[in-house]
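Per-entry structural report
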Amino acid sequence: MYEVGLTAPQTELPNGTIVMFWYPDQEIEAKNKTEARKIVNEMIENEEIDYDLMDENGDELTSKEIKILQDYEFEIPDPEIDWVKKI
């Protein structure tokens, strides 16, 4: 088993609000680190990993804040692999 840590990409909305997309670490059954990276990269490409929306302080957004976000069109950034470790 390997644990794959993902980045938390951010985007700035036109009103100046910073939104962070928090992607959870993934536990992957793989033979080695390379295979674990490959599996997670495929999951990212297929948009199989869910995320939480956070503010720039790492606090979850309220339902009111999420409703405000719906007024803006923005692209959801993909995470990148930050690290891989055997567990």
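See the structure printed just above.
First, a word on what this report is: a plain description of the structure on this page. Only a predicted model underlies this, so the values are computations on that prediction, with no experimental measurement involved.

The subject of this paragraph is the sheet that holds strand β5 (residues 52-54). The antiparallel open sheet is built from three strands, whose spatial order is β2-β3-β5. Taken across any chain shown, the strands that pair with only one partner, and hence form the sheet edges, are β2 (10-12) and β5. The sheet shows a mean angle of 25° between the axes of neighbouring strands, direction not considered.

If you walk through the whole model with that rule in mind, you get one salt bridge. With its nearest N and O atoms 3.7 Å apart, the salt bridge here joins Lys85 to Glu3. Remark: Glu3 occurs in strand β1 (residues 2-6) and Lys85 occurs in strand β6 (residues 81-86); sequence separation between them is 82 residues. Note on Glu3: relative accessible area 16%, which makes it buried.

Time to look at the pairing of strand β3 (residues 18-22). Where β2 meets β3, three bridges bridge the pair, whose relative direction is antiparallel. Its bridge partner lying in β3, Thr11 is registered against Val19. Here β2 folds back onto β3, and the loop between the two strands holds five residues, one of which, Gly16, carries a positive phi near 95°. Summarising the sheet, β3 and β5 pair through three bridges and their orientation is antiparallel. When the sheet's bridge partners are listed, Trp22 is paired in β5 with Asp52.

So, how was this worked out
- Residues numbered from 1 in each chain as written.
- Predicted model: local features only at pLDDT ≥ 70, side-chain atom pairs only at ≥ 80, totals over all residues.
- Heavy atoms only, no water.
- Pairing = 2+ DSSP bridges.
- Helix = DSSP H or I, 4+ residues; strand = E, 2+ residues; numbered from the N terminus.
- Axes fitted to C-alpha atoms, helices over the stretch in contact; angles between N-to-C directions.
- Salt bridge = Lys/Arg side-chain N within 4 Å of Asp/Glu carboxyl O.
- Buried < 20%, exposed > 50% of the residue type's maximum accessible area, 1.4 Å probe, protein only.

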